[in-house]
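# Coordinate analysis (summary)
Okay, here's what each chain looks like letter by letter:
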Amino acid sequence: MQHEQELMATASALVAPRKGILAADESTGTIGKRFAKLNIASTTEMHRAYRDMLFTTSGVEDFISGVILYDETIRQESLGGTLFPKLLAEKGIIPGIKVDLGTVELALHPGEKTTQGLDGLRERLAEYETMGARFTKWRAVITIGSDIPSAACIAANAHGLAQYAALAQESGLVPIVEPEVLMDGDHTMEQCEAVTTHVLRVVFKELIRQGVLLEGMLLKPSMVISGKTCARQAGVQDVAEATVRTLSRTVPAVIPGIVFLSGGQSSEVATAHLNAMNKMGSHPWQLSYSYGRALQEPALTIWHGDEGNIAAAQAAFYHRCKCNSAARTGSYTAELEQQF
Ligand code: 13P
């Protein structure tokens with residue numbers, strides 16, 4: 001395959017020791033919702049100022065290997081006048097880009113979703129490559145509920161993920177394949193394990209069928225966790241064991257890394273889960289992070305759209321990056337958490 005060496009090198013660099021990925025690829029709608037909760041005006045200039053605050057935080061390059069950008073951000077300049085992908089690359093951080101166009105209702109399947117964005121994707125990938133992106137992300141969403149997920153929903157999403165991954169690799173861009181099993185609902189951790197196991201099996205079958213180079217991609221799964229409104233919430237060790245068991249049963253050992261999403265877990269819990277998994281010993285793949293909310297939430301709350309809060313917000317962001325970096329080696333502790 002063309003680009004094979006480059007894909008493998010980029011995928012490994014993204015899961016380098018002690019480092020993980022920052023997902024800062026919220027769509028205009030999603031960042032609008034996060035800003036609205038804090039009464040921050042959702043304008044392109046405020047998005048730019050916010051991303052500038054995150055990306056210019058001194059020293060995060062020790063903990064962050066790559067940043068996933070959104071289409072708006074990859075075209076923007078920092079407040080200092082450097083295009084964001086260039087600013088990141090100069091810090092030794094690999095720029096990436098979300099390339100799906102969001103989810104829509106799956107036809108004939110109420111309550112289920114499929115992801116849009118395959119049409120014209122080859123051309124968009126070529127443009128992003130010229131803008132400095134080296135990796136990409138595509139998110140598919142699976143909902144647990146009564147009689148769902150359906151086989152149709154899993155098949156449609158697995159197909160989309162695999163087609164996307166093949167196109168990304170054709171362009172020399174590492175695909176991050178993200179099948180997210182949502183935390184929404186009252187399902188148990190055991191139900192989440194059964195669904196996640198099945199979804200990952202179907203996704204890998206399809207990736208292999210489409211000829212995707214497994215050594216040149218990363219998997220971004222949700223953790224195996226109790227539904228948000230489940231009365232019996234599984235503890236940290238149970239989540240870690242169920243997640244590692246599920247991944248061991250489904251993810252080929254040649255995948256260089258698994259980079260979790262946080263999915264609505266609190267920042268500290270997301271770090272604790274990753275830490276517990278890495279404490280269990282060595283695994284065939286690197287176990288790392290590609291968190292959005294769990295890396296950003298404290299910093300966003302402190303920043304609040306106010307220039308005067310930048311230093312404090314950056315300190316909070318740096319701290320979350322440092323804690324998650326420690327979780328890569330199972331050395332995150334309550335003491336470290338409190339050192340902020
Ligand atoms: P969260 O960590 O907030 O779930 O975001 C990760 C992500 O990229 C979702 O697509």
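Described in the following lines is the structure provided in the data block. Nothing here was measured: the structure is a model prediction, and the numbers come from that model.

Here is what the cut-offs are and how they apply
- Residues numbered from 1 in each chain as written.
- Predicted model: local features only at pLDDT ≥ 70, side-chain atom pairs only at ≥ 80, totals over all residues.
- Heavy atoms only, no water.
- Phe/Tyr/Trp six-rings, centres within 6.5 Å; stacked < 30°, edge-to-face > 60°.
- Helix = DSSP H or I, 4+ residues; strand = E, 2+ residues; numbered from the N terminus.
- Buried < 20%, exposed > 50% of the residue type's maximum accessible area, 1.4 Å probe, protein only.
- Near = heavy atom within 4 Å.
- Polar contact = N/O pair within 3.5 Å; in protein donor to acceptor, adjacent residues only side chain to side chain.
- Areas by Shrake-Rupley, 256 points an atom, 1.4 Å probe, with all protein chains shown as cover.
- 1 Å grid on protein atoms, 1.4 Å probe; cavity = no way out; pocket = protein on both sides within 12 Å on 5 of 7 lines; lining within 4 Å.
- Sits in = over half its atoms within 2 Å of the grid points.
- Nonpolar A, V, L, I, M, F, W, Y, C, P; charged D, E, K, R; others polar.
- Arc of directions from axis to C-beta.
- Points joined across faces, edges and corners; volume = space filled by probe spheres on them.
- Core = buried A, V, L, I, M, F, W, Y, C linked by side-chain atoms within 4.5 Å.
- Contact = heavy atoms within 4.5 Å.
- Axes fitted to C-alpha atoms, helices over the stretch in contact; angles between N-to-C directions.
- Parallel < 35°, antiparallel > 145°, perpendicular 65-115°, else oblique.
- Left-handed = near helix turned anticlockwise from the far one by under 90°.

Let us look at the packing of aromatic side chains. Tallied over the full model, the rule gives seven aromatic pairs. When the centroid spacing of 5.7 Å and the interplanar angle of 85° are considered together, the rings of Phe35 and Tyr50 count as edge-to-face. In this pair, Phe35 sits in helix 2 (residues 28-37) while Tyr50 sits in helix 3 (residues 44-55), placing the two residues 15 residues apart along the sequence. In terms of burial, Phe35 and Tyr50 fall into one category: buried. With centroids separated by 6.0 Å and ring planes inclined at 35°, the aromatic side chains of Tyr289 and Tyr291 adopt a geometry described as tilted.

Here we come to the site of the ligand. Contacts to the ligand come from 13 residues, most closely from Lys137, Lys220, Ser262, Gly263 and Arg293. Within the side chain of Lys220, one N or O atom sits 2.6 Å away from an oxygen atom of the ligand. Contacts to the ligand include Arg293, whose side-chain N or O atom sits 2.7 Å from an oxygen atom. Protein contact buries 92% of the 300 Å² of open area that the ligand shows by itself. Taken atom by atom, the bulk of the ligand overlaps the largest pocket. Partitioning the shell around the ligand into residue classes produces three nonpolar, four polar and six charged.

Attention shifts here to helix 1 (residues 4-14). Looking at helix 1, one finds that the buried residues are Leu7, Thr10, Ala11 and Leu14. Within helix 1, the buried residues cover an arc of 100° as seen down the axis, which keeps them to one side.

What follows concerns empty space enclosed by the protein. Summary: where empty space remains is shown by rolling a probe the size of a single water molecule over the atoms. According to the stated counting rule, one finds two cavities of 30 Å³ or more in the structure shown. In this structure, the largest cavity spans a volume of roughly 80 Å³. Taken together, Glu26, Ile31, Arg34, Phe35, Tyr50, Gly292, Arg293, Gln296, Glu297 and Leu300 make up the full set of residues lining the largest cavity. Here the residues of the lining of the largest cavity sort into four nonpolar, two polar and four charged.

Among the nonpolar cores identified, the biggest contains 92 residues, and Phe55 and Leu207 are the most heavily contacted of them. Here the element with the most residues in this core is helix 7 (residues 151-170); it accounts for nine residues. When neighbours within four sequence positions are excluded, Leu207 is seen to be in contact with Leu161, Ala162, Ala165, Val177, Val212, Leu214 and Met217. The next biggest cluster of nonpolar side chains, apart from the first, holds 14 residues, and it includes Ala11, Phe135, Ile176 and Val259.

What follows concerns the packing of helix 9 (residues 236-250) against helix 10 (residues 267-279). As a packed pair, helix 9 and helix 10 sit with axes 8 Å apart at the nearest point and diverge in direction by 60°. Looking at the two axes, helix 9 sits oblique to helix 10. Handedness of the helix 9/helix 10 crossing: right-handed. For the pair helix 9 and helix 10, contact is made by Val236, Gln237, Val239, Ala240, Thr243 and Val244 and by Ala272, His273, Ala276 and Met277, respectively. Partitioned by chemical class, the residues of the contact of helix 9 with helix 10 number seven nonpolar, three polar and no charged.

In short, shape yes, function no, at least from these values alone.
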